[in-house]
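Structural overview
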Amino acid sequence: MVVESATALARKDVVGISQLDAGEIQLILDTAEELLDVAKRPIKKVPTLRGSTVVNLFMEPSTRTRFSFEVAEKRLSADTLNFSASGSSVSKGETLFDTAQNLMAMAPDFIVIRHPNSGAPHRLAQEVPASIINAGDGINEHPTQALLDAFTMRQHFGSLEGLKVVVAGDIRHSRVARSNAFLLDKMGAEVRFVAPASLLPLEVEELGVSTFLRLEPALEDADVVMMLRIQLERQKRVNFPSMREYFDFFALTPERLKLAADRAVVLHPGPMNRGVEIDSLVADGSQSLILEQVTNGVAVRMAILYLLAGGPSEAASDS
Ligand code: CP
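Residues numbered from 1 in each chain as written. Predicted model: local features only at pLDDT ≥ 70, side-chain atom pairs only at ≥ 80, totals over all residues. Heavy atoms only, no water.

In the nomenclature of an unreviewed UniProt entry, the protein is known as Aspartate carbamoyltransferase of Candidatus Sulfomarinibacter kjeldsenii. What UniProt states about the protein under its Function (unreviewed entry) heading is, verbatim, "Catalyzes the condensation of carbamoyl phosphate and aspartate to form carbamoyl aspartate and inorganic phosphate, the committed step in the de novo pyrimidine nucleotide biosynthesis pathway." (UniProt positions renumbered as here; feature names shortened; annotations may be inferred.)

Points about the sheet that holds strand β5 (residues 164-168)
Across the sheet, five strands lie side by side as β7-β6-β5-β8-β9; this open sheet has parallel pairing. The open sheet has two free edges, formed respectively by β7 (210-212) and β9 (265-267), since each of these has just one partner strand. Strand after strand, the sheet turns through a mean of 25 degrees between neighbouring axes, direction not considered. Pairing of strand β8 (residues 224-227) with β9, which is carried by three bridges, proceeds in the parallel orientation. Following the sheet pairing, V224 is matched in β9 by V265. (Pairing = 2+ DSSP bridges. Helix = DSSP H or I, 4+ residues; strand = E, 2+ residues; numbered from the N terminus. Axes fitted to C-alpha atoms, helices over the stretch in contact; angles between N-to-C directions.)

Focus: the pairing of strand β1 (residues 53-58)
Among the six residues that make up β1, six are buried, leaving the element largely enclosed by the rest of the structure. Along β1, one buried face is formed by T53, V55 and L57 and the opposite face, lined by V54, N56 and F58, is buried too. Handedness of the β-α-β unit built from β1, helix α2 (residues 64-75) and strand β2 (residues 79-84) comes out right-handed. Pairing analysis gives five bridges linking β1 to strand β3 (residues 110-115), with the strands arranged parallel. In the sheet register, N56 faces β3, and the bridge partner there is V112. (Buried < 20%, exposed > 50% of the residue type's maximum accessible area, 1.4 Å probe, protein only. Right-handed = clockwise from strand over helix to strand, strands pointing away.)

Describing the site of the ligand
The environment of the ligand is formed by S62, T63, R64, T65, R114, H142, Q145, P269 and G270. Within the side chain of R64, a nitrogen or oxygen atom sits 2.9 Å from an oxygen atom of the ligand. T65 has a polar side-chain atom sitting 2.6 Å from an oxygen atom of the ligand. Mapping the ligand onto the cavity grids shows that it belongs to the largest pocket. Considered class by class, the residues forming the shell around the ligand number one nonpolar, six polar and two charged. (Near = heavy atom within 4 Å. Polar contact = N/O pair within 3.5 Å; in protein donor to acceptor, adjacent residues only side chain to side chain. 1 Å grid on protein atoms, 1.4 Å probe; cavity = no way out; pocket = protein on both sides within 12 Å on 5 of 7 lines; lining within 4 Å. Sits in = over half its atoms within 2 Å of the grid points. Nonpolar A, V, L, I, M, F, W, Y, C, P; charged D, E, K, R; others polar.)

Digging into the environment of G138
Here G138 shows up in the loop between β4 (131-137) and α5 (143-157). A relative accessible area of 2% places G138 in the buried class. Sequence separation between G138 and R192 is 54 residues, and the spatial gap between their C-alpha atoms is 22 Å. Residue contacts for G138: discarding those within four places in its chain leaves H115, P116, N117, S118, R175 and R234. (Contact = heavy atoms within 4.5 Å.)

Details of the sheet that holds β4
If you walk across this open sheet you meet the four strands as β2-β1-β3-β4, and the pairing is parallel. Because the sheet does not close on itself, it has two edges, and the strands there are β2 and β4. For this sheet the average axis-to-axis angle between neighbouring strands, irrespective of direction, equals 15 degrees. Strand contacts of helix α4 (residues 120-127): β1, β3 and β4, with the helix running at about 170 degrees to β4, the strand carrying the most contacts. Contacts from helix α11 (residues 290-308) reach β3 and β4 within the one sheet, and its direction differs from that of β4 by about 155 degrees.

Describing the packing of α2 against α11
Close contact between α2 and α11 brings their axes to 8 Å; oriented N to C, the two are set at 55 degrees. Viewed along their axes, α2 and α11 adopt a mutual orientation that is oblique. Between α2 and α11 the crossing geometry is right-handed. Contact residues: α2 offers R64, T65, S68, F69, V71, A72, E73 and R75, while α11 offers V294, G297, V298, R301, M302 and L305. Classifying every residue of the contact of α2 with α11 gives seven nonpolar, three polar and four charged. (Parallel < 35°, antiparallel > 145°, perpendicular 65-115°, else oblique. Left-handed = near helix turned anticlockwise from the far one by under 90°.)

Observations regarding the UniProt feature "binding site: L-aspartate" (unreviewed entry) in the protein
Here, the residues flagged by UniProt with the feature "binding site: L-aspartate" (unreviewed entry) are K92, R175 and R229. Across 138 residues of sequence, these annotated residues are also dispersed in space, with a maximum C-alpha separation of 31.3 Å. As for the annotated residues named above, the ones lining the largest pocket are R175 and R229. Position of R175 relative to the elements: it lies in helix α6 (residues 175-186). Here R175 falls in the buried class, since its relative accessible area comes to 7%. The residues touching R175, leaving out its near neighbours within four places in the chain, are E60, R114, H115, G136, D137, G138, I139, N140, E141, H142 and R234.

So, unusual backbone geometry
Of the consecutive residues G270 and P271, the connecting peptide bond is found in the cis state with omega at -10 degrees. In this structure, A107 takes a positive phi of about 55 degrees despite not being glycine. A107 gets classed as exposed once you look at its relative accessible area, which sits at 51%. Look at D221: it is not a glycine, yet its phi comes out positive at around 65 degrees. One can find D221 in the loop between α7 (215-219) and β8.

Below you can see the structure in the form of structure tokens.
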């Protein structure tokens, strides 16, 4: 694997893993590793983005991504503006692009956007001079989630190369699954998607993953088991008989986790639906890295902002 010795991302935006190459992914992960230490300092702040303004434009609900970006921005000393659809003029019919033009009149340097429509961040990136970071667009991509997942796997195993990663749940409606498939393929890991046929995407063959209709065979020798919730908000009709039946066939229970490698770890991007896709004994068990993912998300988002801003100068110094 060829890794560039760059110290900044030579691009304006991070809208998808599909646009990043392996060198850029490795640079983000390496930078996040250095920035992880900021959280351990008595004063959890570096001056890198002092004087920069970041707009967090969230048109869909979020807990982890939204707060994690906000913490990352504050740790880099940026000024932050938080925007949600319900408390804004979007609820009065203003379009995304009119909203963005009005926000641009206040000269932000970055816009972090979560939007229900696939491709919205990509369009915005073409329209405005600010750097756009995709915090999840429809069923398309959630690049910062895949990067923090990869960071967590690499932190635990030392490398992504050759890892066997099971991604199980509502793959069809999951931007997390797509971004992970792109990233893990670029970094040399093997990806196994598991879902009932009704919850697999139509174009799954194009993603370079193997597919399973049952969890048990996919778990054999697996190093990582990533569980996904069922995204009922994106389904016009329910694609399986009942939650009880879903749990019986597809939930990760302690018994099923024993089928994976002894060293296997469990990930979940959240929010979890306990008793549907994951048993609480697994979610809270010794193999779970679910809360480490949240901690790592801050460092990964700091790294992306830092690298888009141009890389080193003051990141290592105290404020
Ligand atoms: N993983 C994730 O996107 O969680 P939130 O919806 O809470 O941001």
